[in-house]
2 protein chains.
Amino acid sequence: MFLADGREARAVARIVMKFGGTSMAGTERIRRVARIVKRQQDSGHEVAVVVSAMAGETDRLVNFCREASALYDPAEYDVVVAAGEQITSGLLAMHLQALGCQARSWLGWQLPVHTDDGHAKARIESVGAEALSAAMAAGEIAVIPGFQGLSDDGRITTLGRGGSDTSAVAVAAAIKADRCDIYTDVDGVYTTDPRIVAKARKLKNITYEEMLELASVGSKVLQTRSVSLAMKEGVRVQVLSSFIDDDAPAADTIPGTMIVSDEELDRMQEGQDMESQLITGIAADKNEAKVTLTSVLDHPGVVAQIFGPLAQANINVDMIIQNIAQDTGATDVTFTCPLADLARTQAVLEECKAAIGYDRMIADSKVAKVSVVGVGMRSHAGIAATMFKALADRGINIEAISTSEIKVSVLIDEDEVELAVRVLHTAYGLDGA
Amino acid sequence: MFLADGREARAVARIVMKFGGTSMAGTERIRRVARIVKRQQDSGHEVAVVVSAMAGETDRLVNFCREASALYDPAEYDVVVAAGEQITSGLLAMHLQALGCQARSWLGWQLPVHTDDGHAKARIESVGAEALSAAMAAGEIAVIPGFQGLSDDGRITTLGRGGSDTSAVAVAAAIKADRCDIYTDVDGVYTTDPRIVAKARKLKNITYEEMLELASVGSKVLQTRSVSLAMKEGVRVQVLSSFIDDDAPAADTIPGTMIVSDEELDRMQEGQDMESQLITGIAADKNEAKVTLTSVLDHPGVVAQIFGPLAQANINVDMIIQNIAQDTGATDVTFTCPLADLARTQAVLEECKAAIGYDRMIADSKVAKVSVVGVGMRSHAGIAATMFKALADRGINIEAISTSEIKVSVLIDEDEVELAVRVLHTAYGLDGA
């Protein structure tokens, strides 16, 4: 038997399951996780589990570090905070054993999870899979602390907050897992935030690129790095809820949202409704700020004089609009940046005022970015036009626009963001029953 | 320059400092420890520090294990509980760096501290010292979590509760340290418990063997294993208080009690008062129980029938008395065992009643053992006689006696234990000013 992409299907599937800190917070919750994992194994699969620290534990440990020194050594920080995941991995192995499973913990330095030496923000280079695969094939459940790795010089590293999703995907890639199930506090990826649109629908499937675009515009289901890695390594990732009834059937039969490649999505949708959804989801992000420089003298190189220093300051500029006033030869330049970087942006441009030669700098933090995302827009014109018309019909003013191959974003007044999301959700036919 | 025992003295001394959980409990206390350590380095020494987990932390982690399963896997227990020392070692390194010191943590698997695979009660086989010595020689303070090691198959082990003293001595032996300073909540070893005898004096020196005898009869200053290891490896151990004013001078000038070999003690005391103290200390232990079997038929092999099964049950029998009644051919056999083992002792002997053939079993938990310890008694007769006379003069009845080369112990009524200690402290001339 072969999978659709040509890989030979094992009679026994190999599954990586990842549980976050909320799921691991205390004895009763770890016991629930153990039951969910055991059920997965009972349904005939080889199972590895990647775990976070107990909710609150990493914060507790980070606080000790901050109290030690404002400029704490990131290498020692990694020694301290990696302890949180070490504890939960040992405990989950015990809980699994108590249910009659064979299980053992594999710490980051034991596998090892090789990383670079960027302490507190390390990147995974490879995951030793040989011993792990052998143990799993022998029926042992592998319990792996997320977030932690080993540098070339033999020291503990960590991947940065939220890194356990990335650990799970990296382990899945290394052991050639059939699926990486990420258990979260939501039960999948929705067409938009269900708190804004009651009729938001859970997506059965979404492509890596769509997931990346949604993550970059405010959908916080998965860490962006983990999605990039899954795309690069071709790991099928499923997002599903850890708050399922633990007497419910195994994850196979209660799917969340599967994140797959374009090609796999095409295959999955073969024979389905020809007119598949053009737009997959709608996201909103209030963490944007708008900056306008007025009366900039429009001479060659002026744009570089504005955005060069910002790039050097590592400030990520998104939308840019340049309105040329025909009569004066001066222009207004407007752009957006993350709200968190607004103060630094203003400082940088204040310093460059003479070199740029602008009149006034106007900052506006009361803006929001609304984005529609879908691989379908590659092959269909008119997606943006539908967006602009739907917003105009409700009197919502568009202050700026940016697009990528599979995304159209508009900047609007922050007060109108929920209205805009609802209007677009209906306009693209996403409303569920 | 050579030390008295022929080792070449380094211009720079090499010191291992060990701090327990009370000293490491929270940011302020760790900062205090960092200042004490820095002062030791500032006085010109190479320094390694061995630390315990924050007070209470190991109990918290052990509880999680017990909640997971009554029969938890000791290998996973080690993964969980070793995290406590990992955290404090990283934090102390940070605090030292904040004071301007070079410092780094060396975890048990990094040095490594090789142990056998007796999880939760592992024994140290060797300590890798090469990288450690190099770092220390380069001026870096090495911070080492106590209690933890690495088994041959690459898994975390721990040494059992209180194992950090043993870790410190093992590290000191490996790096050929000039001294291992154990910081505790007392400021040294006393002639007896100062809570019982106000005139108890702090000892400047004590031999390994005396320390071992005192530890085995209830003096809880150091873990017995650490003293045995120090004796075997010839590590000079100093017990001193961690509650010294941290603006005070370095430990060199405010000594606690130094634990040394017989030979070193002889050299130290050369030229001193010829009539050196015969008795070093007096200890009392209330955790004893007495068991009497009455009317045991006195036939060959009966003693083996009593004590064989107890030895098999791993019950440590101490004093034994056999009173032969001339007329009946039957005998009463009395012995002592640890109070904690009394119930098991009774169960074992109940089971063997027919085989032994005794009349009644009488258990008495209201007994205490008082011991006088001193290497001086090797060369002096009359130590025991002095003891018996002093106790008899105050009407204290001796129920049993046991002796070793440097110890005489008597079993008495628990109610008379404080009186006995005071009487003996005076009788042997130990009372201070």
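Residues numbered from 1 in each chain as written. Chains lettered and ligands numbered in written order. Predicted model: local features only at pLDDT ≥ 70, side-chain atom pairs only at ≥ 80, totals over all residues.

## Side note on the overall build of chain A
Rule in force here: Helix and strand definitions here come from DSSP, where helices need a minimum of 4 consecutive H or I residues and strands a minimum of 2 consecutive E residues; each element is numbered from the N-terminal end. The reference for a compact globule is 2.2 Å times residues^0.38; the radius of gyration itself is calculated from the C-alpha atoms. Note on contacts: residues are paired as contacts if their backbone-placed C-beta atoms lie within 7 Å.
Scanning chain A from terminus to terminus reveals 13 helices and 18 strands. Whereas a compact globule of 433 residues would reach a radius of gyration of roughly 22 Å, chain A reaches 24 Å, a difference of no more than 12%. When the backbone C-alpha atoms are referred to their principal axes, chain A occupies close to 80 × 60 × 35 Å. In chain A, 74% of the contacts between residues at least 6 apart in sequence involve partners at least 24 apart.

## Points about helix 2 (residues 57-68) of chain B
This is how the line gets drawn: Multiplying one less than the number of residues by 1.5 Å gives the expected span of a helix. Around each residue's C-beta, the other C-beta atoms within 10 Å are counted; 20 or more make the residue buried, 12 or fewer make it exposed, and counts in between make it partly exposed. All C-beta atoms are placed from the backbone. To be clear, the arc concerns the directions from the helix axis to the C-beta atoms.
Here helix 2 of chain B spans 17 Å end to end across 12 residues, near enough to the 16 Å set by a 1.5 Å rise per residue. Those residues of helix 2 of chain B not exposed but buried are B:Thr58, B:Leu61, B:Phe64, B:Cys65 and B:Ala68. The buried residues of helix 2 of chain B all sit within an arc of 120 degrees when viewed along its axis, so they share a single face. Of the surrounding elements, those touching the buried residues of helix 2 of chain B are helix 1 (27-42) and helix 3 (74-98) of chain A together with helix 3 (74-98) of chain B.

## Looking at the interface of chain B and chain A
The test is simple: Throughout this entry, Asp, Glu, Lys and Arg are counted as charged residues, while Ala, Val, Leu, Ile, Met, Phe, Trp, Tyr, Cys and Pro are counted as nonpolar. The remaining residues, Gly among them, count as polar.
In this assembly, 27 residues from chain B lie in contact with 27 residues from chain A. Contributions of two or more residues to the side of chain B that touches chain A are made by helix 2 and helix 3 of chain B. Per-element accounting of the side of chain B that touches chain A gives the leading share, 14 residues, to helix 3 of chain B. Along the lines of polarity and charge, the residues of the side of chain B that touches chain A split into 14 nonpolar, 10 polar and 3 charged.

## A look at the relation of the copies chain B and chain A
The condition that has to hold: Least squares is the method used to superpose the copies, on C-alpha atoms of residues holding a pLDDT of at least 70 in both.
Rotating chain B by 179 degrees about the axis while translating it 0.0 Å along that axis superimposes it on chain A, leaving an RMSD of 0.2 Å. Within this description, the copies of the chain are treated as partners about a two-fold rotation axis. Relative to the rotation axis, the C-alpha of B:Ala83 is the closest in chain B, positioned 2.6 Å from it. A high fraction, 100%, of the interface residues of chain B reappear at the interface in chain A, so the copies pair face to face through one surface.

## Thoughts on unusual backbone geometry
A:Pro112 follows A:Leu111 through a cis peptide bond whose omega is -10 degrees. Relative to the elements of secondary structure, A:Pro112 occurs in the loop between strand 3 (103-105) and strand 4 (113-115). Phi angles above zero are rare outside glycine, and A:Ala120 is one such case at about 75 degrees. Counting through the fold element by element, A:Ala120 comes out in the loop between strand 4 and strand 5 (124-127). With a phi angle near 80 degrees, B:Phe147 is a residue other than glycine that sits in the positive phi range. Here B:Phe147 is to be found in the loop between strand 6 (141-145) and strand 7 (148-150).

## Quick look at the packing of helix 1 (residues 27-42) of chain B against helix 3 of chain B
All names here are of chain B. Our working rule: For helices, the fitted line uses only the C-alpha atoms of the stretch in contact; every axis is such a line through C-alpha atoms, and the angle between N-to-C directions lies from 0 to 180 degrees. Between 65 and 115 degrees an angle is taken as roughly perpendicular, under 35 as roughly parallel, over 145 as roughly antiparallel, and anywhere else as oblique. In this scheme the handedness of a crossing depends on how the near helix is turned from the far one: anticlockwise by less than a right angle means left-handed, clockwise means right-handed.
Helix 3 packs onto helix 1 with a crossing angle of 60 degrees between their chain directions and a minimal axis gap of 9 Å. The angle between the axes of helix 1 and helix 3 places the two elements in the oblique class. Judged by the sense of rotation from one axis to the other, the crossing of helix 1 with helix 3 is right-handed. Here Ile30, Arg31, Val33, Ala34, Val37 and Lys38 of helix 1 lie close against helix 3, whose contacting residues are Thr88, Leu91, Leu92, His95 and Leu96. Residue composition of the contact of helix 1 with helix 3, grouped by class: 7 nonpolar, 2 polar and 2 charged.

## Here we look at the domain arrangement of chain A
It is common to give the size of an interface as the accessible area that goes away when the parts come together. The line we're drawing: Domain segmentation is taken from an automatic or database assignment of domains.
In terms of domains, chain A is made up of domain 1 (14-186 + 221-269) and domain 2 (281-427). The C-alpha centroid of domain 2 of chain A is placed 37 Å from the C-alpha centroid of domain 1 of chain A.

## Description of the sheet that holds strand 6 (residues 141-145) of chain A
All names here are of chain A. Quick note on the threshold: Pairing between two strands is assigned when DSSP locates at least 2 bridges connecting them.
Taken together, the 8 strands give an open sheet; going across it, the order is 3-6-2-1-9-11-12-10, and neighbouring strands pair in mixed fashion. The strands lining the two open edges of the sheet, one partner per strand, are strand 3 and strand 10 (205-207). Adjacent strand axes in the sheet meet at a mean angle of 20 degrees, parallel and antiparallel pairs treated alike. Direction of pairing for strand 10 relative to strand 12 (residues 257-260): parallel, over a ladder of 3 bridges. Within strand 12, the residue paired with Asn205 across the bridge is Met258. Relative to strand 10, helix 6 (residues 208-216) is tilted by about 80 degrees, and along the sheet it contacts strand 10 and strand 12.

## What to know about the pairing of strand 12 of chain A
Residues and elements named next belong to chain A. Side-chain alternation along strand 12 places Thr257 and Ile259 on one buried face and Met258 and Val260 on a second face that is also buried. Relative to strand 12, strand 11 (residues 237-241) is paired through 3 bridges, and the arrangement is antiparallel. Considered in strand 12, the bridge of Val239 is made with Thr257.

## With respect to the confidence of the model for chain A
For clarity, the threshold we go by: Every residue is assigned a pLDDT by the predictor, reflecting its confidence on a scale from 0 to 100.
For chain A, the average pLDDT comes to 90, and 92% of its residues sit at 70 or higher. Low confidence marks residues 1-7 of chain A, where pLDDT is under 50. Its contacts with residues over four positions away, or in another chain, come to 8 contacts.

## What to know about the packing of helix 12 (residues 383-393) of chain A against helix 13 (residues 417-427) of chain A
All names here are of chain A. Running from N to C, helix 12 and helix 13 point in directions that differ by 130 degrees, and their axes come no closer than 10 Å. Regarding the angle of helix 12 to helix 13, the classification is oblique. Taken as a pair, helix 12 and helix 13 cross one another with a handedness that is right-handed. Here Thr386, Met387, Ala390 and Leu391 of helix 12 lie close against helix 13, whose contacting residues are Ala420, Val423, Leu424 and Ala427. Partitioned by chemical class, the residues of the contact of helix 12 with helix 13 number 7 nonpolar, 1 polar and no charged.

## A short note on the sheet that holds strand 11 (residues 237-241) of chain B
Within a sheet, adjacent strands bond to each other through the backbone by hydrogen bonds, running parallel or antiparallel. All names here are of chain B. Taken in spatial order, the 8 strands make up an open sheet running 3-6-2-1-9-11-12-10, and their pairing is mixed. The open sheet has two free edges, formed respectively by strand 3 (103-105) and strand 10 (205-207), since each of these has just one partner strand. On average, each strand axis in the sheet is inclined to that of its neighbour by 20 degrees, with strand direction left out of account. The sheet strands contacting helix 4 (residues 130-137) are strand 1 (14-19), strand 2 (46-51) and strand 6, and the helix crosses strand 2 at an angle near 125 degrees.

## Some points on the environment of A:Thr207
Checked against the element boundaries, A:Thr207 lands in strand 10. Separated by 56 residues in the primary sequence, A:Thr207 and A:Glu263 place their C-alpha atoms 9.1 Å from one another.

## Some details on the nonpolar core
What counts is decided by this rule: The term nonpolar core refers to a set of buried Ala, Val, Leu, Ile, Met, Phe, Trp, Tyr and Cys residues connected through C-beta atoms within 7 Å.
A:Ala48, A:Val49, A:Val171, B:Val49 and B:Val171 are the most contacted members of the largest nonpolar core, which totals 249 residues. Ignoring any residue separated from it by four or fewer positions in sequence, one finds B:Val49 in contact with B:Met17, B:Phe19, B:Val37, B:Leu92, B:Ile141, B:Val143 and B:Ile144.

## Observations regarding the pairing of strand 18 (residues 407-413) of chain B
Residues and elements named next belong to chain B. Most of strand 18 sits inside the fold, with 6 of its 7 residues counted as buried. Relative to strand 18, strand 17 (residues 400-404) runs antiparallel, the two sharing 5 bridges. Bridged to Ser402 within strand 18 is Ser409. Here strand 17 folds back onto strand 18 in antiparallel fashion, the turn holding 2 residues.

## Looking at the environment of A:Glu210
Residue and element names in this part refer to chain A. Structurally, Glu210 is set in helix 6. When the C-alpha positions of Glu210 and Val143 are compared, they lie 30 Å apart, and in sequence the two are 67 residues distant. Dropping the residues within four chain positions of it, Glu210 is found in contact with Thr280, Gly281, Val373, Gly374, Val375 and Ile406.

## Topic: the environment of A:Ile156
Position of A:Ile156 among the secondary structure elements: in strand 8 (residues 156-158). Note: C-alpha distance between A:Ile156 and A:Ile36 (120 residues apart in sequence) is 30 Å.

## Side note on helix 1 of chain B
Residues and elements named next belong to chain B. An ideal rise of 1.5 Å per residue puts 22 Å on 16 residues; helix 1 measures up with 22 Å between its terminal C-alpha atoms. Within the span of helix 1, buried status applies to Ile30, Val33, Ala34, Ile36, Val37, Lys38, Gln40 and Gln41. Packing partners of the buried residues in helix 1 comprise strand 1, strand 2, helix 3 and strand 6. Gly44, located one to two residues past helix 1, shows a positive phi value of around 105 degrees.

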